[in-house]
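Coordinate analysis (summary)
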Amino acid sequence: MPALSQSVSLDRRGRVAVLTVDNPPVNALSQHVRQGLHDGVKQAIADRDVAAIVIACAGRTFIAGADITEFGKPPKEPGLHEVLALIEASPKPVVAAVHGTALGGGLEVTLACHYRVGDKGARFGLPEVKLGLLPGAGGTQRLPRVVGVEKALQMIVSGDPIRADEALRYGLIDEVAEGELAAAAVTFAERGVSEQRPLRKIRDLDAKLAAARHTPELFANFRKSVARQTRGFRAPESCIKAIEAALSLPFDEGMKRERELFLELLASPESKAQRYFFFAEREAAKIPDVPADTPVRDVKKAAVLGAGTMGGGIAMNFANAGIPVTVVEVAKDALERGLGVVRRNYEATASKGRLTPQEVEKRMGLITGTTDFNAIADADIVIEAVFEEMPIKKEVFARIDKICKAGAVLATNTSTLDVNEIASATGRPESVIGTHFFSPANVMKLLENVRGAKSSKTTIATAMALGRRINKVPVLVGVCYGFVGNRMLHQRGKQAEKLILEGALPHQVDRVLYDFGFPMGPFAMGDLAGLDVGWRIRKGKGEKSAVADTLCEMGRFGQKTGAGYYRYGADRAATPDPEVEKIIVDVSTQMGITRRPIGDDEILARLLYPMVNEGAKILEEKIAIRASDIDVIWVYGYGWPVYRGGPMFWADQVGLKALRDRMLEFKRATGDPFWTPAPLLERLAADGRGFTQS
Ligand code: 3H9
């Protein structure tokens, strides 16, 4: 095939010129792709023997979008707009042949074509919003003209792709290809030529926009419907504005408006953070001493020990991924209770229309409950989710060591205990690893995989691969108390407690974090999780927490008892409670603390800076491989707003010197060694560097 650029070639099939993009891994629209497409379309237009053009891709997918690595660098010619304008203006029909995913700029390429053919498995989407952007090459102007305003709003603001059958229904594609895709697209193009089909330029379509002009309330309703999930993000509103422009302005003016809004977003701190996070998430899969080709164990069967909330949730992950799983519980009634909760969870999903009754049964059918430990003998991975006490864990591991087949991965879901000590109860510590799921385990995306001193590379690679297979985002960490997430959370918790004793109230502290972008603050979170959990642990260790202990002594365990730090109505809405305020003020008085008003800014710094400082220690101790892994943990495990990148990225934006100086101010004011900056933070601040950029 004659090459037009390093990644685009031109081939002739009869009267049809086929331009093939080959830019692994995902055919992103790098400069040489744009150049190749530009030159190829020009050549084909000029060639008198060519009657039509097909744009297709080699490799695993159609064009997955603009090359994100080019953002923020000086633009290189030709721009995507120029290429798309050339395609759309072509006097010869241009047909896109889509396999894999046509995403972002990739879908925009197809929208500039006159026709689109997709294979059965193809998916179509504009995911720019997930990078804090909007479709900036005509997507906001062309998509509503094809699929209608409502569908375009939904696709562009959610960023989620649709499948070929749906795309066909909405007119986004003209045909679902049977057989070989490029051949089907060529046939489609030839047919168009022989039938002298008029060139369909999306820019000229108006019927679907006109329909929406009669229902202007559509936008207000849509804004209301997405308000909750888009809170704090900048891009969704800009996406909506750009689609409004498609209705109110002529096409070229609409394109200009889209461009303005796109450039605004491109320069925004939110998009910078979200683009950083896109790569951070992918980086987390890479483990320097466990290469990508490390052999992994094929997990055909799994087992979970414990049918409690965690055990049941973990088992659901396997069933959801089609992996048969055995759930072992000591007592029959506990087992039945646990499996009953699993069924109710599935049925609740089904009642919202997100699962069919058949799917519920299929998933339940993959879960086998038993009280017989020997049933785990043929499992490829066993995940222990029993009580969080070392002697129990060790006893369980000694037992499964005797039962499990050779090579099986023996995993613990501990959130605090020493994985090495647990592994030492077995004769095969190389097969032992921590798999720390987050509650609710069937929902939360994060999986902290905890590498023991002796975990083998295969064990690690298997746990990482399995995490992805069950639709989690696995991050590898080392052994320490609380691992990465909870260890940092603990620092935040200490300050939250101090703040309410010094003068703030739970609802003020929670509001500051909510406004920052967290789904809730520490006190609302405590009420949700149940205050009795921490109380029991404290009692076991002989520790105290004046306010929380008092609440628990009064039977205020949080949401489940209707009261905790807040009071809860039937709708589970939290209201600040004067009774709690009185308890807090009394405790302050007893402790000899003079309460004072505390500003939001101080609250935020006191809650988040200690987390960053702990993150620095975690990095120095090599508990986390890289700063961005910590960010992935916080976004997926604790609701850190992704548009702020994660604690370490955010700290870099604050400036490490400013952060360090503020910590030193707190230290001077309180004399508390808690505020001593970590050595790594000191060094980076002194060198004017950051955690996520060196
Ligand atoms: C856009 O299009 C803007 C336009 O509207 C306007 C312009 C004017 N660029 O995810 P994977 C890398 S914005 C550069 O593991 P999968 C990725 O980092 C863009 N690199 O594979 C990874 O590298 P490595 C809108 C990219 O099979 C490797 O490819 N488009 C890009 O699980 C494999 O990625 C999007 O937002 C890119 N666009 O999933 C789509 N995409 O191997 C973003 C990926 O070194 N991409 N890489 O770690 C995706 O959603 C997924 O990559 C995809 C494949 C679903 C395509």
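In case you missed it, the structure is sitting above this.
Residues numbered from 1 in each chain as written. Predicted model: local features only at pLDDT ≥ 70, side-chain atom pairs only at ≥ 80, totals over all residues. Heavy atoms only, no water.

Turning next to the sheet that holds strand 7 (residues 123–125). Taken in spatial order, the three strands of this open sheet run 5-7-8, and their pairing is mixed. Where the open sheet ends on each side, the last strands, each with one partner, are strand 5 (101–103) and strand 8 (162–163). Alignment of strand 7 against strand 8, held across two bridges, turns out to be antiparallel. When the sheet's bridge partners are listed, arginine 123 is paired in strand 8 with arginine 163. Set on the sheet, helix 3 (residues 105–112) makes contact with strand 5 and strand 7; between it and strand 5 the angle comes to about 90°. (Pairing = 2+ DSSP bridges. Helix = DSSP H or I, 4+ residues; strand = E, 2+ residues; numbered from the N terminus. Contact = heavy atoms within 4.5 Å. Axes fitted to C-alpha atoms, helices over the stretch in contact; angles between N-to-C directions.)

To continue, consider helix 9 (residues 217–230). With 14 residues, helix 9 extends 19 Å from end C-alpha to end C-alpha; this agrees with the ideal 20 Å at 1.5 Å per step. The largest bend in helix 9 amounts to roughly 30° and is located at lysine 224. Along helix 9, the positions that sit buried rather than exposed are Leu218, Phe219, Phe222, Val226 and Thr230. Close packing links the buried residues of helix 9 with helix 5 (149–158), helix 8 (207–213) and helix 10 (235–248). Phi turns positive, to about 90°, at glycine 232, one or two residues after helix 9. (Expected span 1.5 Å × (residues − 1). Bend = angle between axes of the 7 residues up to and from the residue. Buried < 20%, exposed > 50% of the residue type's maximum accessible area, 1.4 Å probe, protein only.)

Our next topic: the pattern of salt bridges. On inspection of all chains with the given rule, the structure shows 57 salt bridges. Here arginine 257 makes a salt bridge to glutamate 260, at a shortest N to O gap of 2.8 Å. With a gap of three residues between them, arginine 257 and glutamate 260 both fall in helix 11 (residues 251–266), about one helical turn apart. Residue class for glutamate 260 comes out partly exposed when judged on its relative accessible area of 45%. With a shortest N-O distance of 3.1 Å, aspartate 577 and arginine 567 are connected by a salt bridge. Of this pair, aspartate 577 sits in the loop between strand 19 (574–576) and helix 24 (578–590) while arginine 567 sits in strand 18 (residues 566–568), and the two are 10 residues apart along the sequence. Where salt bridges share partners, they join Glu283, Lys286, Arg626 and Asp629 into one cluster. (Salt bridge = Lys/Arg side-chain N within 4 Å of Asp/Glu carboxyl O.)

So yeah, pure geometry; function would need other evidence.
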